[in-house]
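Residues per chain are reported as follows:
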Amino acid sequence: MHISAMDAKELIKAAGGCVRLAEICGLKSHTTPLRWKTVPVAHLRAIEAALGIPRHVMRPDIFDVPSGAGVAT
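Trainee: Would you explain the overall build of the protein in this entry?
Mentor: Within the protein, the regular secondary structure consists of four helices and zero strands. What you see in the protein, going N to C, is helices and strands ordered as α-α-α-α. By residue count, 32% of the 73 residues in the protein fall in the buried class. Considering only intrachain contacts with a sequence separation of at least 6, the fraction spanning at least 24 residues in the protein is 34%. Carbon and sulfur atoms make up 55% of the accessible area of the protein, which totals about 5,000 Å².

Pasting the structure below:
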């Protein structure tokens, strides 16, 4: 089964907008997240801490679901 990564639009919405997401990531420009195809690895930790979205949800291509988290079948 292939799990798709969270796209930038979903992440921007979860953050409450481009400005908020840019602030969370320490970016100078609020338009930077609009250009993301996937969330850059450098920003995963900050987003996870601020929004509570696990890194394996944002980037399943890199991070596996933690053991014990379970996957619905």
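Trainee: Is there a simple way to think about the pattern of salt bridges in this case?
Mentor: When the charged atoms of two side chains with opposite charge come close together, those side chains can pair. For the structure on display, the rule yields three salt bridges. Between Arg59 and Asp61 there is a salt bridge, with the nearest N and O atoms lying 2.7 Å from each other.

Trainee: For this particular structure, what's the right way to read the environment of Ala49?
Mentor: The residue Ala49 is located in helix α3 (residues 41–51) in this model. Between the alpha carbons of Ala49 and Ile24 there is a distance of 9.2 Å; along the sequence they are 25 residues apart.

How each quantity is defined
Residues numbered from 1 in each chain as written. Predicted model: local features only at pLDDT ≥ 70, side-chain atom pairs only at ≥ 80, totals over all residues. Heavy atoms only, no water. Helix = DSSP H or I, 4+ residues; strand = E, 2+ residues; numbered from the N terminus. Buried < 20%, exposed > 50% of the residue type's maximum accessible area, 1.4 Å probe, protein only. Contact = heavy atoms within 4.5 Å. Areas by Shrake-Rupley, 256 points an atom, 1.4 Å probe, with all protein chains shown as cover. Salt bridge = Lys/Arg side-chain N within 4 Å of Asp/Glu carboxyl O.

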